[in-house]
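Coordinates in review
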Amino acid sequence: MNHEISTILQRQQHRVRYSESVEIGSVIFSLSGVAFILADTQDLLRTREESFFKRIQKFINIHRNSFLVLSAALHGPEEWNVMFRIQRRFLGSNLRIIPVHNTAETVKLMLTIAKITSKPRADDIRNQVAMTKAQIVENSPVWKMLQEYQLRCN
């Protein structure tokens, strides 16, 4: 799966780094500062859990904005149990876990997250949220009632 993903990203000319020194299967989007570690749930079911947890811990110690992308053709009870154990182990850390089904879904997910976390886009989103909040407050019946009350008191 990693080879397919790197091929797709290179074809689309995205600037990413692959870091075997950090962790095998990690993809880093330098412009947005987001890092992904890719794992196949079936491989996790066959390997020792603690060695995988050490890999994840090393990864999240290095990358502040980190995602674990867990791939499985079908997310059945065993796969959800693996995800639950990972979530429980890394609760409170900066790791976000995302289940995916295939390579296309993985690439789409990674590009979407990288895009919305890149500096100019993240600033745009923050501004849009602030404007939306202001409009909601401004158009709120409670806000209007408080303004009317203030006018009556003055």
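Nothing here was measured: the structure is a model prediction, and the numbers come from that model. (Residues numbered from 1 in each chain as written. Predicted model: local features only at pLDDT ≥ 70, side-chain atom pairs only at ≥ 80, totals over all residues. Heavy atoms only, no water.)

**Thoughts on the overall build of the chain**
- On a plain count of helices and strands, the chain comes out with 7 helices and 5 strands.
- Reading the chain from its N end, one meets helices and strands in the order α-β-β-β-α-α-β-α-β-α-α-α.
- Burial statistics for the chain: of 154 residues in total, 36% are counted as buried.
- Excluding contacts between residues fewer than 6 apart, the proportion of contacts in the chain whose partners are at least 24 apart in sequence is 65%. (Helix = DSSP H or I, 4+ residues; strand = E, 2+ residues; numbered from the N terminus. Buried < 20%, exposed > 50% of the residue type's maximum accessible area, 1.4 Å probe, protein only. Contact = heavy atoms within 4.5 Å.)

**Some thoughts on the side chain of serine 66**
- In this fold, serine 66 is placed in strand 4 (residues 66-71).
- Note on serine 66: relative accessible area 0%, which makes it buried.
- Polar contacts involving the side chain of serine 66 include one to the main-chain carbonyl oxygen of asparagine 94, which spans 3.5 Å.
- If we skip the residues at most four places from it in the chain, serine 66 touches Ala35, Phe59, Ile60, Asn94, Leu95 and Arg96. (Polar contact = N/O pair within 3.5 Å; in protein donor to acceptor, adjacent residues only side chain to side chain.)

**Brief notes about the pattern of salt bridges**
- Scanning all chains against the criterion turns up 3 salt bridges.
- Close ionic contact of arginine 46 with aspartate 43 constitutes a salt bridge, the shortest N to O distance being 2.5 Å. Placement of the pair is arginine 46 and aspartate 43 together in helix 2 (residues 41-46), with a separation of 3 residues, close to one helical turn.
- Since its relative accessible area comes to 61%, arginine 46 is described here as exposed.
- In this structure, the salt-bridge partner of arginine 85 is glutamate 49, at a minimum N-O distance of 2.3 Å. Placement of the pair is arginine 85 in helix 4 (residues 77-89) and glutamate 49 in helix 3 (residues 49-62), with a sequence separation of 36 residues. (Salt bridge = Lys/Arg side-chain N within 4 Å of Asp/Glu carboxyl O.)

**Some thoughts on the packing of helix 3 against helix 4**
- Where helix 3 meets helix 4, the axes come as close as 12 Å, and the angle between the chain directions of the two elements is 50°. The pairing of helix 3 with helix 4 is recorded here as oblique in orientation. Along this stretch, helix 3 crosses helix 4, giving a crossing that reads as right-handed. Across the interface between the two elements, Glu49, Glu50, Phe52, Phe53, Ile56 and Gln57 of helix 3 pack against Arg85, Ile86 and Arg89 of helix 4.
- Considering only residue class, the contact of helix 3 with helix 4 consists of 4 nonpolar, 1 polar and 4 charged. (Axes fitted to C-alpha atoms, helices over the stretch in contact; angles between N-to-C directions. Parallel < 35°, antiparallel > 145°, perpendicular 65-115°, else oblique. Left-handed = near helix turned anticlockwise from the far one by under 90°. Nonpolar A, V, L, I, M, F, W, Y, C, P; charged D, E, K, R; others polar.)

Fair warning: the whole summary comes from geometry, so function is off the table for now.
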